[in-house]
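In case you want the letters, here they are:
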Amino acid sequence: MEIKEMLYEGKAKRVYATENPEVLLVDYKDDATAFNGLKKGTISGKGAINNRVTNYMMKILEQKGVPTHFVEELSERRTLVKKVSIVPLEVIIRNISAGSFAKRYGVEEGIAFDEPTIEFSYKNDDLGDPLINSYHAIALKLATKEEIETIKNMAFKVNEVMKAYFKELNVDLVDFKLEFGRLTDGTIVLADEISPDTCRFWDSETHEKLDKDRFRRDLGNVEDAYKEMMKRILGE
Ligand code: ADP
Ligand code: UDP
């Protein structure tokens with residue numbers, strides 16, 4: 001597959017066109033940012049880990065009936081994906097209180113919910129990804145009512161599959177962010193990534209954080225946490 005021009009450079013990945021107009025190449029970087037780009041750094045080896053972890057999770061989800069953008073892993077850091085038009089929503093599922101939820105509602109971190117929650121942020125860096133509800137998303141024409149319904153159902157399904165999967169690895173899936181996109185025929189598929197950058201993972205016994213919070217909060221051993229998650233998921 002011939003690689004063509006770079007279409008987009010984001011905070012964590014570069015996206016290239018390929019000779020197939022329906023396929024993109026994603027190249028994962030070691031760059032790390034937090035707080036809407038205010039905190040910047042590098043996490044050595046992160047790109048390769050996030051690429052491999054994302055693809056592994058996408059394959060499991062496909063097997064469980066969740067359509068995804070995954071096509072083929074080309075190398076440590078590079079993967080072919082189906083080109084989608086991204087629905088500009090960050091879809092956040094939570095099982096346990098943490099992060100902005102704990103802050104916003106003035107509760108401690110670590111409260112296990114009876115039912116998972118869902119929330120949406122409008123993907124717009126200039127506005128700082130503001131929290132919006134599904135009515136706002138429809139009013140802003142970010143997605144149709146039917147698409148929102150599909151996205152909600154798929155996001156909760158992803159949560160059920162991932163929660164069960166991580167439980168076996170002795171990891172509590174605290175919360176995570178998903179992105180969805182439309183294929184040319186309008187089908188909604190899961191896109192972007194699923195990695196320690198986009199999920200909160202806590203060791204079930206020690207409650208040690210094994211995700212990007214180690215970088216956000218300067219907890220140290222950031223690289224080790226990413227490596228530990230890759231080891232538990234991929235066995236290496
Ligand atoms: P950001 O834009 O937040 O800095 P990244 O560095 O992760 O994020 O850049 C990757 C970009 O590619 C994101 O904007 C994401 O929405 C987009 N993207 C992910 N999967 C696909 C896909 N299958 N087709 C088109 N765009 C995608
Ligand atoms: N998240 C993400 N990208 C974002 C915002 C959040 O991947 O731009 C993930 C984050 O890693 C966590 C979940 O979504 O797993 C919930 O994040 P939260 O709303 O608590 O925000 P944060 O504490 O990251 O500001």
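Values in this document were obtained by computation on a predicted structure and should not be read as measured data.

> Is there a simple way to explain the site of ligand 2 in this structure?
Looking at ligand 2, there are 14 residues lining it, with R94, S100, D175, R200 and R216 nearest. The contact in question runs from an oxygen atom of ligand 2 to an N or O atom on the side chain of E90, over 3.0 Å. One nitrogen or oxygen atom from the side chain of R216 is found 2.9 Å from an oxygen atom belonging to ligand 2. Protein coverage of the free-state accessible area of ligand 2, which is 510 Å², stands at 77%. Of the residues in the shell around ligand 2, the class split is 4 nonpolar, 3 polar and 7 charged.

> Help me out: how do you make sense of the nonpolar core in this one?
Counting 49 residues, the largest nonpolar core has L89, M162, F166, L178, F180 and I194 as its most contacted members. Examining the composition of this core, we find that 9 residues originate from one element, helix α4 (residues 145–168), more than from any other. Not counting the four nearest positions on each side in its chain, M162 is found in contact with M57, L173, F176, I194 and C199. One finds V15, L24, V26 and V81 within the second-largest nonpolar core, a separate group that totals 5 residues.

> Help me out: how do you make sense of the environment of T187 in this one?
Locating T187 in the fold gives a position in the loop between β12 (171–182) and β13 (188–191). Residue T187 is classed as partly exposed on the basis of its relative accessible area, which comes to 34%. C-alpha of T187 to C-alpha of V84: the two residues are 103 residues apart in sequence and 9.4 Å apart in space. With residues up to four places along the chain from it excluded, the contact list for T187 reads G181 and R182. Engagement of the side chain of T187 in a polar contact is seen with the side chain of D185, the distance being 2.6 Å.

> What am I meant to see in the site of ligand 1 here?
Among the 17 residues in the neighbourhood of ligand 1, the closest are listed as Y8, K11, A12, K13 and E179. Take K11: an N or O atom from its main chain is 2.6 Å from an oxygen atom of ligand 1. At a separation of 2.6 Å, an oxygen atom of ligand 1 approaches a polar backbone atom of A12. Protein contact buries 87% of the 550 Å² of open area that ligand 1 shows by itself.

> Looking at this model, I keep getting lost on the environment of L183. Mind explaining?
When you line up the elements, L183 lands in the loop between β12 and β13. For L183 and I86, which are 97 residues apart along the polypeptide, the C-alpha to C-alpha distance reads 9.2 Å.

> So what exactly am I meant to see when it comes to the sheet that holds strand β2 (residues 13–18) here?
Strand-to-strand pairing in sheets goes through backbone hydrogen bonds, with the strands running parallel or antiparallel. Reading across from one edge, β1-β2-β3-β7-β6 is the order of the 5 strands in this open sheet, with antiparallel pairing throughout. Pairing within the sheet leaves two strands with one partner each, and these edge strands are β1 (3–9) and β6 (70–73). Recorded for the sheet is a direction-independent mean angle of 30° between the axes of neighbouring strands. Both β2 and strand β3 (residues 23–28) contribute to a ladder of 5 bridges, which runs antiparallel. The partner of V15 across the bridge, within β3, is V26. Set on the sheet, helix α1 (residues 46–63) makes contact with β3, β6 and β7 (78–82); between it and β6 the angle comes to about 130°.

Cut-offs used in this document
Residues numbered from 1 in each chain as written. Chains lettered and ligands numbered in written order. Predicted model: local features only at pLDDT ≥ 70, side-chain atom pairs only at ≥ 80, totals over all residues. Heavy atoms only, no water. Near = heavy atom within 4 Å. Polar contact = N/O pair within 3.5 Å; in protein donor to acceptor, adjacent residues only side chain to side chain. Areas by Shrake-Rupley, 256 points an atom, 1.4 Å probe, with all protein chains shown as cover. Nonpolar A, V, L, I, M, F, W, Y, C, P; charged D, E, K, R; others polar. Core = buried A, V, L, I, M, F, W, Y, C linked by side-chain atoms within 4.5 Å. Buried < 20%, exposed > 50% of the residue type's maximum accessible area, 1.4 Å probe, protein only. Helix = DSSP H or I, 4+ residues; strand = E, 2+ residues; numbered from the N terminus. Contact = heavy atoms within 4.5 Å. Pairing = 2+ DSSP bridges. Axes fitted to C-alpha atoms, helices over the stretch in contact; angles between N-to-C directions.

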